[in-house]
Amino acid sequence: QVSALTGSALFFAAQRCIRALKTVQAEHAPPQHYTWRRDCSSAVMPRITSHYTIFPRDKDPRWEGVEMERFADEADVVIVGGGPAGLSAAIRLKQLAKEQEKELRVCLVEKASQIGAHTLSGACLEPSALNELFPDWKERGAPLNTPVTEDLFSILTEKYRIPVPMLPGLPMNNHGNYIVRLGHFVHWLGEQAEELGVEIYPGYAAAEDVFERGMELHAKVTLFGEGCHGHLAKQLYRQFNLRENCEPQTYAIGLKELWVIDEKKCRPGRVEHSVGWPLNRNTYGGSFLYHLNEGEPLVALGFVVGLDYTNPYLSPFREFQRWKHHPFVAKTLEGGNRIAYGARALNEGGYQCLPKVTFPGGMLIGCSPGFMNVPKIKGTHTAMKSGMLAAEAIFPKVTAEDPASETAGLHIPEYEDNLKKSWIWKELYAVRNIRPSFHNYFGLYGGMVYTGVFYWILRGKEPWTLKHAGLDSAQLKPAKECTPIEYPKPDGKLSFDLLSSVALSGTNHEGDQPPHLTLKDDSIPVANNLAIYDGPEQRFCPAGVYEYVPLETGEGMRLQINAQNCVHCKTCDIKDPSQNINWVVPEGSGGPAYNGL
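Residues numbered from 1 in each chain as written. Predicted model: local features only at pLDDT ≥ 70, side-chain atom pairs only at ≥ 80, totals over all residues. Heavy atoms only, no water.

As a reminder of what qualifies: UniProt positions are given in the numbering used here, feature names are shortened, and annotations may be inferred rather than shown by experiment.
Going by the annotation in an unreviewed UniProt entry, the name recorded for the protein chain is Electron transfer flavoprotein-ubiquinone oxidoreductase, with Salmo trutta given as the source organism. Under the UniProt heading Catalytic activity (unreviewed entry), the entry covering the protein chain gives this text: "a ubiquinone + reduced [electron-transfer flavoprotein] = a ubiquinol + oxidized [electron-transfer flavoprotein] + H(+)". According to its UniProt record, the protein chain has this under Function (unreviewed entry): "Accepts electrons from ETF and reduces ubiquinone."

Written out as structure tokens, the structure is:
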């Protein structure tokens with residue numbers, strides 16, 4: 001049985017619950033006032049930043065006397081996360097129920113204010129899973145408006161471009177794919193799900209609890225499709241030891257902007273990728289620039305940096321801003337207008353890092369366990385297919401249950417068996433060695449040679465599997481061993497500062513909620529991260545959340561956490577060298593408000 005998921009099918013009951021809790025909280029108000037800014041230092045401080053999973057509520061005086069009872073509701077299947085995986089699972093379940101004339105209650109909770117508002121991706125969509133889910137997607141009006149017409153791949157030096165031929169069969173070849181605004185596509189999937197009878201509740205964060213305790217949703221099976229590095233998935237990995245037989249996951253951060261450019265420069269259907277400058281050969285990463293056909297001359301552009309980088313002075317955001325000044329990129333953007341910005345972590349571990357995905361009462365789907373095909377830079381099609389496979393494994397088990405019986409969690413290992421027989425497994429196995437092949441003396445160039453020889457010729461059939469470097473958080477070198485990186489000042493035309501960028505993300509959090517960027521130990525940031533690594537969280541965060549400022553006494557520094565800025569990318573939780581930051585869900589509907597990123 002999986003429960004304690006914030007959100008409710010009984011909306012009015014939830015309102016009554018919240019009103020009652022407000023009354024109780026007013027009577028037992030904790031002495032501290034929560035604000036969106038939390039200050040930390042090496043001095044002994046009250047545990048105001050520690051989450052209940054680290055500092056239990058029964059030992060926390062702030063919760064003394066607060067009533068913890070809450071209402072509960074029942075469903076056949078609960079889905080956490082309204083992305084491509086969760087929505088595809090919900091749709092497939094209701095399709096099967098309709099085909100077999102069965103009653104099936106499917107509830108989906110999504111922390112964003114509306115479906116698609118937290119969705120961010122390149123995105124170049126491979127339509128294989130969509131063709132299976134909705135063969136008539138064109139007639140249904142799916143927003144796939146830009147078929148790929150041209151592929152360009154480049155190695156960039158500081159001033160020049162070296163073209164690389166895009167041979168048929170290489171992972172980056174995009175023939176038959178579509179450039180999409182993924183948030184719009186996800187919103188469309190949500191409409192299809194609602195038409196089939198899926199109960200969708202946006203604005204409800206799924207967690208054990210938040211400041212105002214939500215409803216419990218009890219289900220026979222709960223699907224966790226939270227996306228990359230999900231808050232609940234982290235807990236499930238520990239509780240059920242799901243990562244016992246796989247490598248630690250490795251990640252990247254992807255930063256993206258949307259621009260309106262000169263109409264004469266727009267080439268709808270053109271896909272551009274690059275590697276090289278401004279990154280050195282031992283830092284994994286690259287760029288994309290996609291020309292859209294959306295009624296106005298739009299381009300989507302972005303930069304991806306592997307979070308296994310070693311120099312604590314590196315700033316992915318500022319590398320992105322510097323890249324836009326390359327002559328080959330600048331000629332497209334000059335005279336244009338930037339209209340959106342966002343960032344998100346990506347799973348890059350692939351086949352070697354896949355955890356066990358089933359456990360009593362639940363399953364992991366989509367980018368939560370990590371089905372992204374890194375060489376393709378695509379994970380939407382595999383996420384959708386994983387959700388569909390989960391639905392097909394669930395349906396016969398759930399409908400065979402006596403509907404009058406008490407809800408009990410089902411363990412359905414058939415889902416994992418079906419995954420291993422599917423094209424997802426075959427696809428990820430074939431490219432398993434491409435990402436770890438970059439861990440060699442020649443770095444980027446050695447990896448490209450490996451890809452050309454072993455993937456293009458052998459299609460991944462080499463009889464070995466390479467290993468990743470390990471946890472991304474363990475890869476940083478001490479600051480004294482590294483050279484600071486001098487970044488040029490933004491010009492306000494092609495490159496921009498961090499805070500004006502965050503303003504374009506629509507990010508907002510209510511000011512009176514508890515901090516969702518929590519620390520296990522308030523003393524560690526200054527004593528370890530600042531002292532040894534010169535405070536790398538100031539640079540790896542793409543939203544200006546973390547900054548070190550002088551103590552009011554004038555002696556020493558403290559970490560200031562501007563949680564209001566957080567775009568929910570999860571990079572801090574992944575890259576923190578102390579593994580002291582614990583990202584947890586904020587109040588439902590908080591975070592970015594992307595429009596088709």
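## Let's talk about the overall build of the protein chain
Inclusion rule: Helix and strand definitions follow DSSP, with helices as H or I runs of at least four residues and strands as E runs of at least two, each counted in order from the N terminus. Under the scheme applied here, a residue whose accessible area is under 20% of the maximum for its type counts as buried, over 50% as exposed, and between as partly exposed, the area being computed with a 1.4 Å probe on protein chains only. The contact definition used throughout considers only heavy atoms, calling two residues in contact when any of these lie within 4.5 Å. Throughout, the Shrake-Rupley method with a 1.4 Å probe supplies accessible areas, and for residues the shown protein chains are the sole cover considered.
Broken down by element type, the protein chain carries 15 helices and 21 strands. By residue count, 61% of the 597 residues in the protein chain fall in the buried class. Long-range pairs, those at least 24 residues apart, make up 81% of the contacts in the protein chain between residues at least 6 apart in sequence. Of the roughly 24200 Å² of accessible surface on the protein chain, 53% is carried by carbon and sulfur atoms.

## Considerations on the pattern of salt bridges
Side chains bearing opposite charge may pair, as long as their charged atoms lie close to each other. Rule in force here: Salt bridge criterion: a side-chain nitrogen from Lys or Arg within 4 Å of a carboxyl oxygen from Asp or Glu.
Applying the stated criterion across every chain yields a total of 20 salt bridges. Across the pair arginine 105 and glutamate 199 runs a salt bridge whose closest N-O atoms are separated by 2.9 Å. Residue arginine 105 is found in the loop between helix 2 (84-99) and strand 3 (106-110), and its partner glutamate 199 is found in strand 9 (residues 199-202); the two are separated by 94 residues along the sequence. Here arginine 435 ties to aspartate 308 by a salt bridge, and the two come within 2.9 Å at their closest N and O atoms.

## Considering unusual backbone geometry
Omega for the peptide link from glycine 122 to alanine 123 comes to -5 degrees, which places this bond in the cis form. Examined against the element boundaries, alanine 123 turns out to sit in the loop between strand 3 and strand 4 (124-125). For the bond running from tryptophan 277 to proline 278, omega is 10 degrees, close enough to zero to count as cis. Position of proline 278 among the secondary structure elements: in the loop between strand 12 (270-276) and strand 13 (285-291). Positive phi is not limited to glycine here, since glutamine 579 has a value of about 50 degrees. By the secondary structure assignment, glutamine 579 is in the loop between helix 15 (571-575) and strand 21 (581-583). According to the relative accessible area criterion, glutamine 579 is partly exposed, its value standing at 32%.

## Structural notes on the packing of helix 8 (residues 380-400) against helix 10 (residues 423-430)
Definition in use: Only C-alpha atoms enter the line fits that serve as axes; for helices the fit covers just the stretch in contact. Angles between N-to-C directions range over 0 to 180 degrees. Following the grouping adopted for this structure description, the nonpolar residues are Ala, Val, Leu, Ile, Met, Phe, Trp, Tyr, Cys and Pro, the charged ones are Asp, Glu, Lys and Arg, and the polar ones are all others, Gly among them.
Following both chains from N to C, one finds helix 8 and helix 10 inclined at 145 degrees, their axes separated by 10 Å at the closest point. Together, His381, Thr382, Lys385, Ser386 and Leu389 of helix 8 and Trp423, Ile424 and Glu427 of helix 10 make up the contact between the two elements. Across the contact of helix 8 with helix 10, the residue classes break down as 3 nonpolar, 3 polar and 2 charged.

## Side note on the pairing of strand 11 (residues 251-260)
Threshold: Strands pair, by our definition, only if DSSP identifies at least two bridges between them.
Extensive coverage of strand 11 is indicated by the burial of 9 of its 10 residues. Sheet analysis places strand 11 next to strand 15 (residues 337-347), joined by 10 bridges and oriented antiparallel. Each bridged residue has a counterpart across the sheet, and for alanine 252 the counterpart in strand 15 is leucine 346. Bridge count between strand 11 and strand 14 (residues 298-306): 9 bridges; the pairing is antiparallel. What sits directly across from alanine 252, in strand 14, is glycine 306.

## What about the sheet that holds strand 16 (residues 358-359)?
Picture the strands of a sheet paired through backbone hydrogen bonds; they go either parallel or antiparallel. The strand order across the open sheet formed by 6 strands is 9-3-2-10-17-16, and the pairing between neighbours is mixed. The two strands at the open ends of the sheet, each matched to only one other strand, are strand 9 and strand 16. Relative to strand 10 (residues 216-224), strand 2 (residues 72-80) runs parallel, the two sharing 8 bridges. Within strand 10, the residue paired with valine 77 across the bridge is valine 221. Helix 5 (residues 231-240) contacts strand 2, strand 10, strand 16 and strand 17 (362-364) of the sheet and is inclined by roughly 115 degrees relative to strand 17.

## Details of a nonpolar patch on the surface
Keep this limit in mind: Patch building starts from residues that exceed 30% relative accessible area and form no salt bridge, then joins like charges within 9 Å and nonpolar side chains (Val, Leu, Ile, Met, Phe, Trp, Tyr) within 5 Å.
A cluster of nonpolar side chains, namely Leu167, Val449, Val453, Trp456, Ile457 and Leu458, defines an oily patch on the protein surface of about 510 Å² accessible area. Structurally, tryptophan 456 can be placed in the loop between helix 11 (444-455) and helix 12 (498-503). On the basis of relative accessible area, tryptophan 456 is assigned to the partly exposed category, the value being 36%.

## Points about the environment of histidine 187
Filter applied, for reference: Nitrogen and oxygen atoms within 3.5 Å of one another constitute a polar contact, given that in protein one can donate a hydrogen and the other can accept it, and given that sequence-neighbouring residues count only through two side-chain atoms.
Residue position: histidine 187 is located in helix 4 (residues 182-195). Judged by relative accessible area, histidine 187 falls into the partly exposed class, the value being 35%. For the pair formed by histidine 187 and glutamine 114, sequence separation is 73 residues and the distance between their alpha carbons is 8.3 Å. Discounting chain neighbours no more than four positions away, the residues touching histidine 187 are Gln114 and Ile115. Within the structure, the side chain of histidine 187 is placed 3.4 Å from the backbone oxygen of isoleucine 115, a separation counted as a polar contact.

## A closer look at the pairing of strand 10
Counting buried residues in strand 10 gives 9 out of 9 residues, a clear majority hidden from the surface. Bridge count for strand 10 against strand 17 is 3 bridges, and the pairing is parallel. When the bridges of strand 17 are listed, phenylalanine 224 appears paired with leucine 364.

## Overview of helix 4
This is how it is decided: Multiply 1.5 Å by the residue count of a helix minus one, and that product is the helix's expected span.
In this model helix 4 runs 20 Å from its N-terminal to its C-terminal C-alpha over 14 residues, within 8% of the 20 Å that 1.5 Å per residue would give. Those residues of helix 4 that fall on the buried side of the exposure criterion are Leu182, Gly183, Phe185, Val186, Trp188, Leu189, Gly190, Gln192 and Ala193. Its buried side turned inward, helix 4 meets helix 2, strand 4, helix 3 (128-133), strand 9 and helix 8. Positive backbone phi, at 105 degrees, marks glycine 197, one or two positions downstream of helix 4.

## Some remarks on the side chain of glutamine 321
Within the secondary structure, glutamine 321 sits in helix 6 (residues 316-323). In this view, glutamine 321 contacts Glu257, Leu494, Ser495 and Phe496; residues no more than four positions away in its chain are not counted.

## So, the sheet that holds strand 13
The sheet built from 7 strands is open, its strands ordered 7-6-12-13-14-11-15 with mixed pairing. Two strands close off the open sheet at either side, each with one partner strand: strand 7 (161-163) and strand 15. For this sheet, the mean angle separating the axes of adjacent strands, direction not counted, is 20 degrees. Bridge analysis of strand 6 (residues 150-156) against strand 7 gives 3 bridges, and the strand direction is antiparallel. Following the sheet pairing, isoleucine 155 is matched in strand 7 by isoleucine 162.

## Topic: the packing of aromatic side chains
Threshold: Two aromatic rings from Phe, Tyr or Trp, using only the six-membered ring of Trp, form a pair when their centres are within 6.5 Å; if the ring planes differ by under 30 degrees the pair is stacked, by over 60 it is edge-to-face, and anything between is tilted. Lysine NZ or arginine CZ positioned within 6 Å of the ring centre and within 35 degrees of the ring normal marks a charge as sitting over the ring.
A full pass over the atoms with the stated rule returns 17 aromatic pairs. Joined through ring pairs, the aromatic side chains of Phe134, Phe185 and Trp188 make up one cluster. Lying over the aromatic face of phenylalanine 328, arginine 161 brings its terminal NZ or CZ to 4.8 Å of the ring centre. It is arginine 432 that lies over the ring of tyrosine 429; its NZ or CZ is 3.9 Å from the centre.

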